[in-house]
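Summary of the model geometry
Okay, here's what each chain looks like letter by letter:
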Amino acid sequence: MNKSQTSSIRNIYQLDGRVPIGKAIPFGLQHILAMFVANLTPITIIAGAAQPALTQAQIAALLQNAMFVAGIATLIQLYPIWRIGSRLPIVMGVSFTFVTVLSTIAANYGYPSVIGAVLVGGLFEGTLGLLAKYWRRIITPIVAASVVTAIGFSLFTVGIRSFGGGYAEDFGSGRNLLLGVITLAVCLLWNIFAKGYLKQLSVLAGLIVGYVVAIIMGKVDLSLILSGGMISLPQLLPFKPEFHAGAIISTCIIFLVSAAETIGDTSAMASGGLGREIKGEEISGSLACDGYASALSSLFGCPPVTSFSQNVGLVAMTKVVNRFTIMTGAVCMILAGLLPPIGNFFSSLPQSVLGGCTIMMFGTILTSGIQMIANCGFSQRNITIAALSLSIGIGCTAATEADIWNVFPPLVQSVFAGNVVAVVFVLAVVLSLILPKDMDIRTLDEEENK
């Protein structure tokens, strides 16, 4: 292997640099396959709650638009337009964070009101991102570290749900568990025995082998891949936006929660993928992209798009951060939105296969958060902020303790109940603002006085 080839391979571990297209595409595909099903699921849930109900043709068009918008948003995140975008290898997709509130809006006001609320909320978060330098100081390193750790915890149940088969009727069946175990085993074996840069394609190897095994097991309907024609352009404004104050206010509040998750994801990306702390302009650009790309998403009839924690975990695990490499995945996403057979192929990936690949990735996000807490230092103040925010956040949002929120108004419940990231973020920020900076000095002084 000559020096040029060696350099191009090493560039996959660099933010910028030329990577041969043949080597870049597999890594880009790995990112898209890791999040594809999760990118489409929120739309199905929200559209299913809408009154009057949406037709299957309308839902299919929205799913196609979601793939197209996610690809465009990822490109903007990778290659910013003005100050919109972070220049970090962040993959964007339709967010699960908004499912509860938008499903309620869809049921009470109709789907067009969802579009109006997302449009206003997206502009709100985007503008908030551009003004981040005025409020960025409240997101101290220990706050960001606590949020990243909370994101890792929050994804564990997502990984297990996928591993067991998702929300299908046969969740937890022996066939689903076997498929998940086979996929996970392939990922681990590939990680052990593959050489060089190929070692970082363990997730793609697991997805491919798992998909083939799923076909053999009869869990993939290949006839659906060619349904829907060969080319279909995304529909702009499939619904005329409607605006209701209650819907807009509740959605804007969730956009604040989403902003906290984005700050955590961006911080984890910088820490786990690049080995450094996040920069202020990167947080600003990432939030601006989140918000304005969500406003764009609403024009295509879709819910908000945001950074995908699955892909942050993948970067933390593989250390592949090259923007061009991730860009090839974004292009695949756009093509999936334009060519129904490609989209149908991606969306046919069984949940158990996805779960087998993502369990370890989600654990990597948690360990990144722990590393960030360690880098902040185990001072009494930092320990108090992390310990209290995480213990309350995780404890109060567990499904078995959901009744603890019954005394709060429905709006508060919709924002915090079941959302560990939101609770941890708010508590960590409040504690960071009110706890004295000299807690450790005071403790030492008190010991000396004794």
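Just so we're clear, the structure is a prediction, and the values are computed from it rather than from any experiment. (Residues numbered from 1 in each chain as written. Predicted model: local features only at pLDDT ≥ 70, side-chain atom pairs only at ≥ 80, totals over all residues. Heavy atoms only, no water.)

For the chain, the helix and strand inventory stands at 18 helices and two strands. Here the chain has a C-alpha radius of gyration of 22 Å; the compact-globule value for 450 residues is 22 Å, and the two agree. Across its three principal directions, the C-alpha atoms of the chain cover 80 × 60 × 50 Å. Within the chain, counting contacts between residues at least 6 apart in sequence, those at least 24 apart form 83% of the total. Of the side chains in the chain, 23 bear a positive and 20 a negative charge, and the two mean positions are spaced by 13 Å. (Helix = DSSP H or I, 4+ residues; strand = E, 2+ residues; numbered from the N terminus. Rg over C-alpha atoms; globule rule 2.2 N^0.38 Å. Contact = heavy atoms within 4.5 Å. Lys, Arg positive; Asp, Glu negative; His and termini not counted. Charge placed at Lys NZ, Arg CZ, Asp CG, Glu CD.)

We now examine the nonpolar core. In this structure, F36, L54, L102, Y111 and I139 are the most contacted members of the largest nonpolar core, which totals 125 residues. Sequence-distant contacts of L102, defined by excluding residues within four places in its chain, comprise I46, V114, V118, T251, P303 and P304. (Core = buried A, V, L, I, M, F, W, Y, C linked by side-chain atoms within 4.5 Å. Buried < 20%, exposed > 50% of the residue type's maximum accessible area, 1.4 Å probe, protein only.)

A separate point is the pattern of salt bridges. The full count for this structure, using the stated rule, is four salt bridges. Across the pair D16 and R87 runs a salt bridge whose closest N-O atoms are separated by 3.1 Å. Separated by 71 residues along the polypeptide, D16 in the loop between α1 (3–10) and α2 (21–49) and R87 in the loop between α3 (56–78) and β1 (92–94) bring together distant segments of the chain. A relative accessible area of 35% places R87 in the partly exposed class. The salt bridge partner of D170 is K219, with a shortest N-O separation of 3.3 Å. Separated by 49 residues along the polypeptide, D170 in the loop between α6 (141–163) and α7 (174–193) and K219 in the loop between α8 (202–216) and α9 (245–274) bring together distant segments of the chain. Of the residues examined, K219 reaches a relative accessible area of 24% and is grouped as partly exposed. It is possible to trace a salt-bridge network through shared partners that takes in D16, R87 and R323. (Salt bridge = Lys/Arg side-chain N within 4 Å of Asp/Glu carboxyl O.)

Together, V426, V430, L433 and I434 make up a nonpolar patch on the protein surface, roughly 360 Å² of accessible area in all. The topology assignment puts I434 in helix α17 (residues 420–434). (Patch = residues over 30% accessible without salt bridge, like charges linked within 9 Å, V, L, I, M, F, W, Y side chains within 5 Å. Areas by Shrake-Rupley, 256 points an atom, 1.4 Å probe, with all protein chains shown as cover.)

The next point concerns helix α12 (residues 323–338). Its 16 residues give α12 an end-to-end C-alpha distance of 23 Å, which sits within 8% of 22 Å, the value for a rise of 1.5 Å per residue. Within α12, 12 of the 16 residues are buried, leaving the element largely enclosed by the surrounding structure. Those residues of α12 that fall on the buried side of the exposure criterion are R323, T325, I326, M327, T328, G329, A330, C332, M333, I334, A336 and G337. With a side-chain oxygen lying 3.1 Å from the backbone nitrogen of F324, the N-terminal cap of α12 falls on N322. (Expected span 1.5 Å × (residues − 1). Polar contact = N/O pair within 3.5 Å; in protein donor to acceptor, adjacent residues only side chain to side chain.)

Right, let's get into the state of the cysteines. Linking two cysteines covalently through their sulfur atoms gives a disulfide. Counted according to the given criterion, the structure contains zero disulfides. For the unlinked cysteine C289, the closest cysteine sulfur is that of C302, found at 15 Å. Accessibility expressed as a relative area gives 1% for C289, which makes it buried. C332 forms no disulfide, and the closest cysteine sulfur to it belongs to C357, at a distance of 17 Å. (Disulfide = S-S within 2.5 Å.)

Further remarks concern the environment of I278. Examined against the element boundaries, I278 turns out to sit in the loop between α9 and α10 (280–299). Placed 10 residues apart in sequence, I278 and A268 show a C-alpha to C-alpha distance of 8.4 Å. Ignoring sequence-local partners within four residues, the contact set of I278 consists of L88, R136, T266, S267, A270 and I283.

The next thing to look at is α9. Here α9 contains 30 residues, and its C-alpha end-to-end distance of 42 Å stays within 8% of the 44 Å for a straight helix at 1.5 Å per residue. The element α9 is largely enclosed, with a buried count of 24 among its 30 residues. Of the residues flanking the end of α9, it is G275, one or two places downstream, whose phi is positive at about 70°.

Moving on, we get to the environment of D221. Secondary-structure assignment places D221 in the loop between α8 and α9. Owing to a relative accessible area of 41%, D221 belongs among the partly exposed residues under this scheme. Along the sequence, D221 and F345 sit 124 residues apart, while their C-alpha atoms lie 9.8 Å from each other.

What follows concerns the environment of T74. Looking at where T74 falls in the secondary structure, it is placed in helix α3. Between the alpha carbons of T74 and H31 there is a distance of 11 Å; along the sequence they are 43 residues apart. Apart from residues no more than four positions distant in its own chain, T74 is found in contact with I90, V91, M92 and A330. Within the structure, T74 has its side chain in polar contact with the backbone nitrogen of M92 (distance 3.0 Å).

The subject of this paragraph is the side chain of S389. Mapped onto the fold, S389 is located in helix α15 (residues 380–396). What makes S389 buried here is its relative accessible area of 0%. From its side chain, S389 meets the backbone oxygen of A386 in a polar contact 3.3 Å long. Once residues within four sequence positions are removed from consideration, S389 is found in contact with S146, T384, V424, L427, A428 and L431.

This paragraph deals with unusual backbone geometry. Look at the link from Q51 to P52: it is a cis peptide, with omega at 0°. Inspection of the secondary structure assignment puts P52 in the loop between α2 and α3. One non-glycine residue, R87, adopts positive backbone phi at about 65°. Look at K319: it is not a glycine, yet its phi comes out positive at around 65°.

The next subject is the packing of aromatic side chains. In this description, a pair of aromatic rings is defined by centroid distance and the angle of the planes. The tally for this structure, following the rule as stated, stands at six aromatic pairs. A ring pair is formed by F153 and F156, whose centres lie 5.9 Å apart and whose planes are at 65°; its orientation type is edge-to-face. Here F153 and its partner F156 are both found in helix α6, three residues apart, which amounts to about one turn of the helix. Classification of F153 as partly exposed rests on a relative accessible area of 35%. Relative accessible area serves as the criterion here: at 31%, F156 is assigned to the partly exposed category. (Phe/Tyr/Trp six-rings, centres within 6.5 Å; stacked < 30°, edge-to-face > 60°.)

Honestly, that's just the spatial picture; any functional story needs more than this.
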